[in-house]
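Now for the letters of each chain:
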Amino acid sequence: MKFLALLKKELRECLPWIALAAGIVLTFGTIEFLSKRAPGAAYFHYRFFNPFSEVDRYMLITYPTESIGPILTLTAIGLGITLAIRQFWMPHYFKEWNYLLHRPMDRGTVLTAKLLTGFLVITVPLGLVWTYLFWQGTRPGFLPVPLPARHFVEGWLIVTQGLVFYLGAALAGLSRAKWYTTKLVSLAFALWIIGAVAGQRLLVWVVIIIVTAAAVMLYQLFNSFLKREF
Amino acid sequence: MALWIQITPGSDEPIYVQIVEQVGEAIAKGQLAVGDKLPPVRKLAAELVINPNTAARAYTILEQSGLVTTKTGSGTFVADPKLRSKDTTDINILSERMDTLIARSLNLGMEPEDIISMFKGRLAKFAKTKKSER
Amino acid sequence: MTDTVLETQGLTKYYGSTLALDNMTVKIPRGCICGFVGRNGSGKTTAIKLLLGFLNPTAGSSMLLGCDSQNLTPALRQRIGYVSEGHRLIRWMTIAEIAKFQSAFFPGQWDGKFFREMIEYFELSKKQKIKHLSTGQRAQVSLALALAPNPELLVMDDPTLGLDAAIRRQFLEGMIRLIMQQGRTILFSSHILGDVERVADRLLVIDKGVIRADCPLEQFRRAVKKVKFVFSQPPPANINLEGLLHCKTNEKELELVLVGTADEKIAEWANSAGAKDYQPVNMNLEDQFIEYTAGPGQKKPFSWEGI
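> Report on the packing of aromatic side chains, specifying residues and quantitative values.
A complete count under the given rule lists 17 aromatic pairs over all chains for this structure. Centroid distance C:Tyr121 to C:Phe122: 5.8 Å. Interplanar angle 50°. Geometry classified as tilted. Taking relative accessible area as the criterion, C:Phe122 reaches 5% and is therefore assigned buried. Ring plane angle 90° and centroid distance 5.3 Å describe the contact between C:Phe220 and C:Tyr292, whose orientation is recorded as edge-to-face. Placement of the pair is C:Phe220 in helix 8 (residues 217-223) and C:Tyr292 in helix 10 (residues 285-293), with a sequence separation of 72 residues. By relative accessible area, C:Tyr292 is classed as buried at 0%. Over the face of the ring belonging to A:Tyr99 we find A:Arg103, whose NZ or CZ atom lies 4.4 Å from the ring centre.

> Describe in detail empty space enclosed by the protein, supporting the description with residues and values.
Evaluated as defined, the whole model comprises two cavities of 30 Å³ or more. Here the largest cavity defines a volume of roughly 180 Å³. Mapped onto the lining of the largest cavity, the elements with two or more residues apiece are helix 3 (97-101) of chain A together with strand 7 (80-83) and helix 5 (135-147) of chain C. In terms of residues, the lining of the largest cavity owes the most to one element, strand 7 of chain C, which gives four residues. Put simply, the second largest cavity is a space of about 40 Å³. Along its surface, the second largest cavity is lined by A:Lys9, A:Glu13, A:Arg86, A:Pro91, A:Glu96, A:Leu100, A:Lys114 and C:Ile90. Those elements that provide at least two residues to the lining of the second largest cavity are helix 1 (2-35) and helix 2 (65-93) of chain A. A per-class count over the lining of the second largest cavity returns three nonpolar, no polar and five charged.

> Let's hear about the pairing of strand 5 (residues 59-64) of chain C: which residues, and what values?
Residues and elements named next belong to chain C. Pairing analysis gives five bridges linking strand 1 (residues 4-15) to strand 5, with the strands arranged antiparallel. Bridging from a neighbouring strand, Thr8 pairs with Ser62 of strand 5. Following strand 5, the chain reverses through two residues before pairing antiparallel with strand 6 (residues 67-68); Leu65 in that reversal takes a positive phi of roughly 50°.

The rules we used
Residues numbered from 1 in each chain as written. Chains lettered and ligands numbered in written order. Predicted model: local features only at pLDDT ≥ 70, side-chain atom pairs only at ≥ 80, totals over all residues. Heavy atoms only, no water. Phe/Tyr/Trp six-rings, centres within 6.5 Å; stacked < 30°, edge-to-face > 60°. Buried < 20%, exposed > 50% of the residue type's maximum accessible area, 1.4 Å probe, protein only. Helix = DSSP H or I, 4+ residues; strand = E, 2+ residues; numbered from the N terminus. Lys NZ or Arg CZ within 6 Å of the ring centre and 35° of its normal. 1 Å grid on protein atoms, 1.4 Å probe; cavity = no way out; pocket = protein on both sides within 12 Å on 5 of 7 lines; lining within 4 Å. Points joined across faces, edges and corners; volume = space filled by probe spheres on them. Nonpolar A, V, L, I, M, F, W, Y, C, P; charged D, E, K, R; others polar. Pairing = 2+ DSSP bridges.

This is a description of form; function is not addressed.
Structure representation (structure tokens):
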């Protein structure tokens, strides 16, 4: 009852961003598909998105996913950071923490509600849009060559990069240091993780790196939130 | 009935003293007759926007000086003047207070006779109010 | 049920090297309305935040309703109402929405009728958004939100700051209504001494981080005195009178601020010092507070014995 009320509030606050993010990816994705539908597309190189698919560099087909990949990445990261700002930076600015935290509820539960919201809001809309676009890309006759199955997983992994940035920005929001000292360290960490997964040919490694990074940041988040002064 | 009590927070006199004095004056002027019921503590507190303890203290002091009596369950009523105890300490304090008034009047250049007639005039007002209230 | 709802023991807080709260040791009994007064920056908000577990003490401890402030359980937070500094709520919600939100946390405890009545009384509409409310209106909503769950203990940090006289009055009426219920305790900080005098029966005075008084309001009123002495020659430089707080000399006059000094002792001293005459100066609560906290910071509260 209490947890639900909190969850509903958090979701309500993040709603506009869900719509915006999903809208962006859907729009661009559709445009991309439509513009590349013309049969007999000319040139011969392809890259899905540089992190994962260098190995396919020499396939001689054009994939419209060249631009969907970057869009998805940027949107996921943008969404992650925006949500973290909404949930963890804005209460500071508007001095809402004292009201929010004087709840008959463990502080850890409050944090869980926030994080659960962030997780759902990043993965579900973007994941669904990506699934839809991918499904479009695999329909026979829609594209000159249907998209390989591996792309599907890659798309989802790109969405999880958004989660990494979400957690990093959340940590930065809770940090009490000055912005020019260590406040943005966690964001730099998120960036480093993205760099670390780039160029990984085995998707398994990508999963391991992201999951480990997320676990580390989650631990730090709980630690920080429970002890922090408001 | 509580309408005629006006308290001023931020004055030199504590709030309960103000209540005691105003009730006392009302009794002396006859605005409150013997047997009249005073508003219950909680009602008074709500109307004056003060702590009920303050109102209760005022009533306790009034009771100690014999001006009112409290019957548990019924309320607080104005007491019979004949049953009031005449505490000599109170009377001594009173006569000392009179000294202040007398000193001020003399310093203003008033003659003793003028002071007495002024006092009589004010006293008559109390009796008049008492009569008109009947 | 404990008799002491609020207790601190040597509660101290440093912000870096700045001492914000120095060794606060107080006991607030159940059922009282305690006015927490002090100048701006004297440490009121720090103390209140420490009590509610929003700050970590540098030293000492505090307990609310018998539980350590640093570990307030959800069950306890359910019994404590809190109006924070600035009474910020959730900006985008309407009054109706925040009432629904708040009530979800107090199942079985929430008095919806009371909340609606208070909102009506304050002449607010439940469709108004919090961000469009003035500070005063937000204070009213905060009070209603804090009172509707019927808390055992209500802690308010300067709830009437920025409110005009009319709204303050309504606010106090809301507080009185809570007081009427048995066993409720209120701690509120304020620097409007007139409000404190109306509503409080206990006083907690803080100055420069030090608790200077923790006593019934009436005791404070009786104890802090200002007396003016007139001499025919320059007044003595050394004043040996117990309870002396500070003094002001002006040619042949001497003004002393005393705490807890019996009238007889004053008369005695006046005699022995050779004063021509002396006269107590009437002070209201605000005057008493100003005199009591004037001058350089004191380390310990005065002893209240013998008042």
